[in-house]
Amino acid sequence: MTQTLHACDHPTPEALYPFDARGVAKRFRHAAIFGALESLMPGETMRFCNDHDPLPLLAQMQQRYGEQVSIAYVQREPGAIVIDFKVIGS
């Protein structure tokens, strides 16, 4: 079996904070993600890592934050999803 290289397994530059959802219990994930996002300052980025594409989460984020948070896929492969959430402003 081939192991997929995951972009969250690499160091990140300053002001880019990793959030690996793979280790958070499903019932706590969305609350933990929103809490982490709300702790960031404008210009900071949370690098979100997951094993599946979180489309319902992205819809919730769009509704909750609108243009205050930008969403950019870094990696989008089966089993290896990495998305940068950058805080634009409040």
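Before reading on, note that the structure itself is shown above.
Notes on the structure in this doc start here. From a predicted model like this one, the values you see are computed outputs, not experimental measurements. (Residues numbered from 1 in each chain as written. Predicted model: local features only at pLDDT ≥ 70, side-chain atom pairs only at ≥ 80, totals over all residues. Heavy atoms only, no water.)

### Details of the overall build of the protein chain
Now for step 1: Within the protein chain, the regular secondary structure consists of two helices and four strands.
Now for step 2: Helices and strands in the protein chain line up, N terminus first, as β-α-β-α-β-β.
Now for step 3: The buried share of the protein chain, taken over its 90 residues, is 37%.
Now for step 4: Taking all contacts inside the protein chain whose residues are at least 6 apart in sequence as the whole, residues at least 24 apart take part in 63%. (Helix = DSSP H or I, 4+ residues; strand = E, 2+ residues; numbered from the N terminus. Buried < 20%, exposed > 50% of the residue type's maximum accessible area, 1.4 Å probe, protein only. Contact = heavy atoms within 4.5 Å.)

### Some words on helix H2 (residues 55–65)
Now for step 1: Where H2 is concerned, the buried positions are Leu57, Leu58, Met61 and Tyr65. The buried residues of H2 occupy an angular sector of 100° when projected down its axis, which confines them to one face. Facing away from the buried side of H2 by over 90 degrees, the exposed positions are Pro56 and Gln63.
Now for step 2: Those residues of H2 hidden inside the fold are in contact with helix H1 (26–38), strand S2 (45–50), strand S3 (69–77) and strand S4 (80–87). (Arc of directions from axis to C-beta.)

### Side note on the side chain of asparagine 50
Now for step 1: Along the chain, asparagine 50 turns up in strand S2.
Now for step 2: A polar contact of 3.4 Å, which involves the side chain of asparagine 50, links it to the backbone oxygen of histidine 52. (Polar contact = N/O pair within 3.5 Å; in protein donor to acceptor, adjacent residues only side chain to side chain.)

### Let's talk about the pairing of strand S1 (residues 16–20)
Now for step 1: Across five bridges, the pairing between S1 and S2 is parallel. Bridge assignment links aspartate 20 to a residue of S2, and that residue is cysteine 49.
Now for step 2: This β-α-β element, S1 to H1 to S2, shows right-handed connectivity. (Pairing = 2+ DSSP bridges. Right-handed = clockwise from strand over helix to strand, strands pointing away.)

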